[in-house]
Amino acid sequence: MSEEKAPSAAPGRPVRLIPALPGFWTTMLGVATAAIAPLFGFLIGSMVRAPGDTTLSPIYWGLFIGIVIGGVGVLAAVVGGLRLWRHLHGNKGGASS
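Counting restarts for each chain: residues are numbered from 1 in the order of the written sequence. Local features in this predicted model are restricted to residues of pLDDT 70 or higher, and side-chain atom pairs are both shown and tallied only at a pLDDT of 80 or more, whereas totals for entire chains, interfaces and linings draw on every residue. Based on all heavy atoms of the structure, the side-chain values leave hydrogens and waters out of the count.

Quick look at the overall build of the protein chain
Part 1 of the reasoning: Strands here are runs of E lasting at least two residues and helices are runs of H or I lasting at least four, both read from the DSSP assignment and numbered beginning at the N terminus. If you tally the helices and strands in the protein chain, you get two helices and zero strands.
Part 2 of the reasoning: We call a residue buried when its accessible area falls under 20% of the maximum for its residue type, exposed when it is over 50%, and partly exposed in between, using a 1.4 Å probe and counting protein chains only. Within the protein chain, buried positions represent 14% of all 97 residues.
Part 3 of the reasoning: Should any heavy atoms of two residues lie within 4.5 Å, those residues are considered in contact. Considering only contacts in the protein chain between residues 6 or more positions apart, those separated by 24 or more positions represent 76%.
Part 4 of the reasoning: Summed over its atoms, the accessible surface of the protein chain is roughly 8500 Å², and 69% of this surface lies on carbon and sulfur atoms. For every accessible area listed, the method is Shrake-Rupley and the probe measures 1.4 Å; residues are considered covered only by the protein chains on display.

Pasting the structure below:
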């Protein structure tokens with residue numbers, strides 16, 4: 001019986017997988033939410049019909065709710081950005097304060 005060799009990796013540059021930095025995905029999700037939420041709120045508000053006599057149209061309510069959700073997205077983006085900033089500009093053994 002002969003022993004078979006396992007196929008080896010192709011020669012070349014080795015692949016190193018580096019995980020995303022802390023706060024990166026929170027920042028991306030926050031920015032996307034802040035950008036898209038008011039648009040979806042406006043879209044949903046324009047699709048809803050107004051029931052008879054109302055003070056504010058559903059389009060205004062949809063836009064308002066979209067802006068509130070977008071504000072939460074901005075908060076998430078700021079928190080993620082702060083985590084990313086602290087990770088990249090942390091104290092790396094310099095002078096202690």
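After presenting the structure, the write-up continues.
Concerning the packing of aromatic side chains
Aromatic ring pairs: the centre-centre distance and the angle between the two ring planes describe each pair.
Part 1 of the reasoning: Ring pairs are drawn from Phe, Tyr and Trp, using the six-membered ring of Trp, whenever the two centres fall within 6.5 Å, and their geometry is named by plane angle: stacked under 30 degrees, edge-to-face over 60, tilted for the rest. With the rule as written, the count across this model stands at two aromatic pairs.
Part 2 of the reasoning: Consider the rings of F24 and W25, whose centres lie 4.9 Å apart with planes at 75°: the pair is edge-to-face.

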